[in-house]
Amino acid sequence: MIWAVMRNYAMDAKWDWRLGAILTVYLAVAGCRGPSTEPAELGGQMQREMRLATPTVGGPSEEFSVEKKPADVATAVETAMKDSGVRLVQTGSTAQGQWLLGKSLADRNVLVQILPIYPGRSTAKITVEGADALARELLSHLSADIGKRVR
């Protein structure tokens, strides 16, 4: 009788070892599988939303209203930025309005937001990165040039 109990225990131990080995191999193979497509789709959606969101630029800003459509103001802003040595980096629009992001020769971010007030009238808000004399000078030059072009 003891011999039978010992033999059953030995058989159970073999099966436990085999089951443990099979489970370990299965988990290792399952862990080596590539990532699912959901994170890539989620990442793509986040990238699209980030492109739609208005960038944030900290520094002095100036805001003025003009009697033109946002599209007309945008073309005047692009020309004024180009003439001031500000390279247009990115453009976009949100539910509030259109925005243009540029990089100055001094490597400062320049953000111009064009917000429609009512048909035929818009507000342009210019923000230049930095809190020094160079940023204020660039802001005053850009706002004067844009104001002259849209009037």
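This is a predicted model, so every value here is computed, not measured.

**Details of the pattern of salt bridges**
So, point 1. Within the structure shown, the criterion is met by 5 salt bridges.
So, point 2. With a closest N to O distance of 2.3 Å, aspartate 83 and arginine 149 form a salt bridge. Placement of aspartate 83 in helix H3 (residues 70-83) and of arginine 149 in helix H4 (residues 133-150) is noted, with a sequence separation of 66 residues between them.
So, point 3. For arginine 149, a relative accessible area of 34% corresponds to the partly exposed category.
So, point 4. A salt bridge links arginine 108 to aspartate 132; the shortest N-O distance between them is 2.7 Å. Of this pair, arginine 108 sits in the loop between strand S3 (98-103) and strand S4 (109-118) while aspartate 132 is found in the loop between strand S5 (121-128) and H4, placing the two residues 24 residues apart along the sequence.
So, point 5. When its relative accessible area of 29% is taken as the criterion, aspartate 132 is described as partly exposed.

**Things to note about the pairing of S4**
So, point 1. In this structure, S3 lies alongside S4, joined through 6 bridges in antiparallel fashion. Paired with tryptophan 99 across the strands is glutamine 113, a residue of S4.
So, point 2. A loop of 5 residues connects S3 with S4, the two strands running antiparallel in sequence, and aspartate 107 in this loop sits at a positive phi of about 65 degrees.
So, point 3. Bridge count between S4 and S5: 8 bridges; the pairing is antiparallel. Within the sheet, the bridge partner assigned to glutamine 113 lies in S5 and is lysine 125.
So, point 4. Following S4, the chain reverses through 2 residues before pairing antiparallel with S5; glycine 120 in that reversal takes a positive phi of roughly 90 degrees.

**Quick word on the packing of H3 against H4**
So, point 1. Running from N to C, H3 and H4 point in directions that differ by 135 degrees, and their axes come no closer than 9 Å. Taken together, the axes of H3 and H4 are oblique relative to one another. Crossing hand, H3 versus H4: right-handed. Together, Val73, Ala76, Val77, Thr79, Ala80, Met81 and Asp83 of H3 and Leu142, Asp145, Ile146, Arg149 and Val150 of H4 make up the contact between the two elements.

**Section: the environment of serine 104**
So, point 1. Structurally, serine 104 can be placed in the loop between S3 and S4.
So, point 2. Serine 104 sits in the buried class, given a relative accessible area of 9%.
So, point 3. For the pair formed by serine 104 and methionine 81, sequence separation is 23 residues and the distance between their alpha carbons is 8.7 Å.
So, point 4. Serine 104 has contacts with Gly85, Val86, Val110 and Leu138, leaving out every residue within four places of it along the chain.

Conventions adopted
- Residues numbered from 1 in each chain as written.
- Predicted model: local features only at pLDDT ≥ 70, side-chain atom pairs only at ≥ 80, totals over all residues.
- Heavy atoms only, no water.
- Salt bridge = Lys/Arg side-chain N within 4 Å of Asp/Glu carboxyl O.
- Helix = DSSP H or I, 4+ residues; strand = E, 2+ residues; numbered from the N terminus.
- Buried < 20%, exposed > 50% of the residue type's maximum accessible area, 1.4 Å probe, protein only.
- Pairing = 2+ DSSP bridges.
- Axes fitted to C-alpha atoms, helices over the stretch in contact; angles between N-to-C directions.
- Parallel < 35°, antiparallel > 145°, perpendicular 65-115°, else oblique.
- Left-handed = near helix turned anticlockwise from the far one by under 90°.
- Contact = heavy atoms within 4.5 Å.

Remember that the coordinates give geometry; whether it matters functionally is a separate question.
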